[in-house]
Amino acid sequence: MTAMLAGATSAVAKPGAPVLAFAPSPYDYGRVIPGESASRGFTLTNTGRKASGKLKVTLSGAAAFTVTSDRCSGTRLRPGKSCVVMVRFAPTSVATVTATVAAASKGRVSATVALSGTGTGLGGAQPGQLYWSGDDIWAADLDGSNPHDILSAFEPTLGVAVDSSHVYWINRNTGAVRRANPDGSNAQDLVPGSNAAPGTGGLAVDANHVYWTSYAAGSAPGTIWRANVGDGSNPQAIATAQATPFGIAVDGSHIYWTNSGDGTIWRANLDGTNAQSIVQGEGQQSLFAVTVDANHLYWTNRSQNTVKRANLDGTNPQTLLSGQNLPQAIAVDALYVYWSNLGDGTGAIRRANLADGTNPQVFIANTSSPQLMAFTPPPAPALGFTPSSHDFGEVATKQAASQSFTLANSVGHATTGPLTVTVTGAAAFTTGSDTCTGTSLVPGASCTVTVSFAPTSLGIVTANLTAASQTPAASTTAALTGTGVGHIYWVNQGQTIEDGSVNVASSNGSNAQVIDGSGLPSFPVGVAVANSALLVASLGDLATDPDVGPAIHDYNSQAQYCYFAASEGPNKLAINPNNPNDIYYRGPVTASDRPTIWRGTWPDCSSFHPIVTTQGLPQLGGLAVDADHVYWSNYRQLEGDGTIMRANLDGTDPVQLAQGLDAPQGLAVDANYLYWTNDGTTIVRASLNDVPFTPEPIVTNQTGIPVALAVDATHLYWTNYNGTIWRADLDGTKPQQIIAGQNKPVAITATP
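What counts, and at which threshold
Residues numbered from 1 in each chain as written. Predicted model: local features only at pLDDT ≥ 70, side-chain atom pairs only at ≥ 80, totals over all residues. Heavy atoms only, no water. Helix = DSSP H or I, 4+ residues; strand = E, 2+ residues; numbered from the N terminus. Rg over C-alpha atoms; globule rule 2.2 N^0.38 Å. Buried < 20%, exposed > 50% of the residue type's maximum accessible area, 1.4 Å probe, protein only. Areas by Shrake-Rupley, 256 points an atom, 1.4 Å probe, with all protein chains shown as cover. Lys, Arg positive; Asp, Glu negative; His and termini not counted. Charge placed at Lys NZ, Arg CZ, Asp CG, Glu CD. Disulfide = S-S within 2.5 Å. Pairing = 2+ DSSP bridges. Axes fitted to C-alpha atoms, helices over the stretch in contact; angles between N-to-C directions. 1 Å grid on protein atoms, 1.4 Å probe; cavity = no way out; pocket = protein on both sides within 12 Å on 5 of 7 lines; lining within 4 Å. Points joined across faces, edges and corners; volume = space filled by probe spheres on them. Nonpolar A, V, L, I, M, F, W, Y, C, P; charged D, E, K, R; others polar.

(A) Here's a closer look at the overall build of the chain. Within the chain, the secondary structure is distributed over 1 helix and 65 strands. At 42 Å, the chain has a C-alpha radius of gyration far larger than the 27 Å of a compact globule built from 752 residues. With respect to the principal axes defined by its C-alpha atoms, the chain has extents near 130 × 65 × 45 Å. Looking at the chain as a whole, 53% of its 752 residues qualify as buried. Entry remark: accessible area of the chain is about 30600 Å², with carbon and sulfur atoms responsible for 49%. Both charge centroids of the chain, one from 35 positive and one from 51 negative side chains, sit 26 Å from each other.

(B) Focus on the state of the cysteines. Counting across every chain of the model gives 3 disulfides. Residue pairing for Cys72: its cysteine sulfur links by disulfide to Cys83, the two sulfurs lying 2.0 Å apart. On the sign convention where negative is left-handed, the bridge of Cys72 and Cys83, at about 110° about the S-S bond, is right-handed. In this pair, Cys72 sits in the loop between strand S6 (65-70) and strand S7 (82-89) while Cys83 sits in strand S7, placing the two residues 11 residues apart along the sequence. Neither Cys72 nor Cys83 differs from the other in exposure class; each is buried.

(C) Structural context of the sheet that holds strand S31 (residues 349-353). Pairing within the open sheet is antiparallel, and its 4 strands lie in the order S29-S30-S31-S32. The strands lining the two open edges of the sheet, one partner per strand, are strand S29 (327-332) and strand S32 (361-364). Neighbour to neighbour, the strand axes of the sheet diverge by 35° on average, direction disregarded. Note: strand S30 (residues 336-341) against S31, 5 bridges, orientation antiparallel. Note on S31: the bridge partner recorded for Ser340 is Ile349.

(D) Region of the structure containing the layout of surface pockets. Taken as a whole, the second largest pocket holds about 880 Å³ of empty space. Together, 38 residues line the second largest pocket, and Ile575, Val625, Val711, Thr749 and Ala750 are the ones closest to its centre. At the level of secondary structure, the elements contributing two or more residues to the lining of the second largest pocket comprise strand S45 (524-530), strand S49 (573-576), strand S53 (619-625), strand S57 (667-669), strand S61 (706-711) and strand S65 (745-751). Of the residues in the lining of the second largest pocket, the class split is 27 nonpolar, 7 polar and 4 charged.

What follows is the structure in structure tokens.
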């Protein structure tokens, strides 16, 4: 907050003594960005019955305040008379500071005004002023208050322009292009009259050049000039053979000027090339002032008594206001159009709504008949997204999540040019609904963009959402993050022929749903994904229904299935990752009490055949396949007799990888490790490069009896016989239950 000091003080005067007081008093300059400045004139008035002694004005307090013009010091202020002191606030840091201006005479009659101001970062309210030419250069605050002459000596002026550091004008007597600080101090010739050309009129300025018109004299053709804005060097004519050019304006790509001699408005590149008439038929001696914003060109027509506008290329001309009285000067900001009527004798500056010319009103009364006007340019647009960043979290592949972003342009800043909105980075991020692209945001306005995250692969990805305006230049970026996760599929074997189910969820457990809970297939015991096929192995129940036998179904295409004899029926399923049609399953126990492993090519049902008949142990537990090998576990219902085996994909060259295990069941494999469940409480892994295996317990103290395992690029998943599904990082850390309430989940697979 800005702290205000006490108000003005004035001496208690004896009868007939001078009475001095400043107005306004006290005064707060508000919030000003360090490196910029704001100025204010303070009027000292003697309301007493006697003249003051010779006055002396002093300023004490923070160095951010300086007196830039003092018409009071050395003056004996007579009763009823006033003088003005100009004080500039130019903060160098972000802080609230104070100062005091005092005026005193030798007779100790004095007055003070308390000053305060706050240096602020970007985004605060910005100071600014409206300037106009006529008799001297005048300025007023953006609310119309405090109109004051900024020049210390009388100077007949014509064109006026403003940038962030200077105010520029044309001296009507000499034709010189002159400039001063925004408060009028340090006035000097920028381009001397001898170099500026005869009949100098309008003036415009951009970051590199100052531009002006020379309407010449008599029948001589007019010219458009420019010079370097820094030092006035290199003045040169850039467009010639014009018909009494006067008003001039500039934007980021073009200069625009009025030709009063033939009633046209012209446009050219900034160097004067490609000059062409874009508005015609306005009438001779009718056009005077012109101005421009991001979308339109504006001008006054004195013979038609109108204020008009058109697109920047001159198309779609239209009247904003009619019935004026010799409209002359014109300026615009984000909300209003401002103009002067020289024919009504009031010297008033008027304004109306920029959008449609409605609500015309007197803005500043009794000015010095403004010839041309210009605004302090507002700071560049200050764009910002809300939220400024967003993490979409975990989203399953083939699914999408959306987030709406609001883009706003801060109050007190310039209107943007037409906006572009882009997303750069991972292709998983795309824009959807977008009210920002092509829009020009005025200060305080906003628009929205929706971004969708639809991952096609696993893992964390990032992108940037950027909104940008080219003229004026401004941009902002929101950081985007999302994690692509796969799906997990599992089957609930159920307790009866009617209550088995096939299920799917995102790999974080969200969006869990039943694909088929009809009880068919009966007693599902295996699940795998092959290309677009979702394969489910079921035991069937031939004892209850001779038509419901062992089978493999494709749940994404109910027309594809394989039925098997009881002696060939599938149990656990696995798929070759390099050939998704290469299917493996755990078969039934043979007549000699030996489990089998079968292989076939989906959907060729006749291709399935046994490739491994296990030796020794009667119970085959888990099954897993990688690009080179098939893996399985064997065990009895005894502690310490379990083994892990491996063979080539065709079943040849079986090798024992681990022994002495406690009831190894579920099995999963990735590029580096083989994982298995052990002893009903533990999950173990071993490096594929370490043969024989050196088992490493990574998840312990599971009380739900881990049954089946699956693995993807980021996580390990398992089902517990108690009806829960868990996941952990690949090293077993961060174990968490992600799904509960299942009915004997006996198989699981993970896939992107």
